[in-house]
Amino acid sequence: MSEERDSLFDFPCAFPLKIMGLADSALAQEVLAVVLRHAPDFDAATMCMRASSGGKYVSLTCTINATSRVQLDTLYRELSSHPLVKIVL
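Description of the structure in this document. (Residues numbered from 1 in each chain as written. Predicted model: local features only at pLDDT ≥ 70, side-chain atom pairs only at ≥ 80, totals over all residues. Heavy atoms only, no water.)

### Brief notes about the overall build of the protein chain
Phase 1: A count of helical and extended segments in the protein chain gives three helices and four strands.
Phase 2: Secondary structure elements of the protein chain occur, N-terminal to C-terminal, as α-β-α-β-β-α-β.
Phase 3: In terms of overall dimensions, the protein chain is globule-like: its C-alpha atoms have a radius of gyration of 13 Å, near the 12 Å expected for 89 residues.
Phase 4: Viewed in the frame of its principal axes, the protein chain has a C-alpha envelope of about 40 × 25 × 20 Å.
Phase 5: Taking contacts inside the protein chain between residues at least 6 apart in sequence as the whole, the part at least 24 apart equals 72%.
Phase 6: A distance of 11 Å separates the average location of the 8 positive side-chain charges in the protein chain from that of its 10 negative side-chain charges. (Helix = DSSP H or I, 4+ residues; strand = E, 2+ residues; numbered from the N terminus. Rg over C-alpha atoms; globule rule 2.2 N^0.38 Å. Contact = heavy atoms within 4.5 Å. Lys, Arg positive; Asp, Glu negative; His and termini not counted. Charge placed at Lys NZ, Arg CZ, Asp CG, Glu CD.)

### Points about the nonpolar core
Phase 1: With 23 residues, the main nonpolar core has Ile19, Val31, Phe42, Leu60, Ile64 and Leu79 as its most contacted residues.
Phase 2: Secondary-structure elements contributing two or more residues to this core are β1 (13–22), α2 (27–38), β3 (57–66), α3 (69–81) and β4 (85–88). (Core = buried A, V, L, I, M, F, W, Y, C linked by side-chain atoms within 4.5 Å. Buried < 20%, exposed > 50% of the residue type's maximum accessible area, 1.4 Å probe, protein only.)

### Considering the packing of α2 against α3
Phase 1: Two elements in contact, α2 and α3, have axes separated by 10 Å at closest approach and are oriented at 160°. By the criterion of interaxial angle, the relationship of α2 to α3 is roughly antiparallel. The two elements α2 and α3 cross, and the hand of that crossing is right-handed. Facing Val31, Val34, Val35, Arg37 and His38 of α2, the residues of α3 in contact are Gln71, Thr74, Leu75, Glu78 and Leu79.
Phase 2: Along the lines of polarity and charge, the residues of the contact of α2 with α3 split into five nonpolar, three polar and two charged. (Axes fitted to C-alpha atoms, helices over the stretch in contact; angles between N-to-C directions. Parallel < 35°, antiparallel > 145°, perpendicular 65-115°, else oblique. Left-handed = near helix turned anticlockwise from the far one by under 90°. Nonpolar A, V, L, I, M, F, W, Y, C, P; charged D, E, K, R; others polar.)

### Looking at the environment of proline 83
Phase 1: Within the secondary structure, proline 83 sits in the loop between α3 and β4.
Phase 2: By relative accessible area, proline 83 is classed as exposed at 67%.
Phase 3: C-alpha of proline 83 to C-alpha of alanine 39: the two residues are 44 residues apart in sequence and 21 Å apart in space.

Written out as structure tokens, the structure is:
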């Protein structure tokens, strides 16, 4: 089954992650630290940040060079469990 799941992607590939959380001054730095642990070649300058219309939430987009399904799963798990993060897509 693992091989079947991996076949959906052709690794390595550019993989966009969208992370949403409360507008907190620490959110971007915390997300960046997590992303760099799993994708050390990620260029922080390419992170896009957008505030919600009401300003309560922020979305961050990080496009990483994904090397495996395990890398993506581990990254999603760590980001999703972070207290400042509400949703990871």
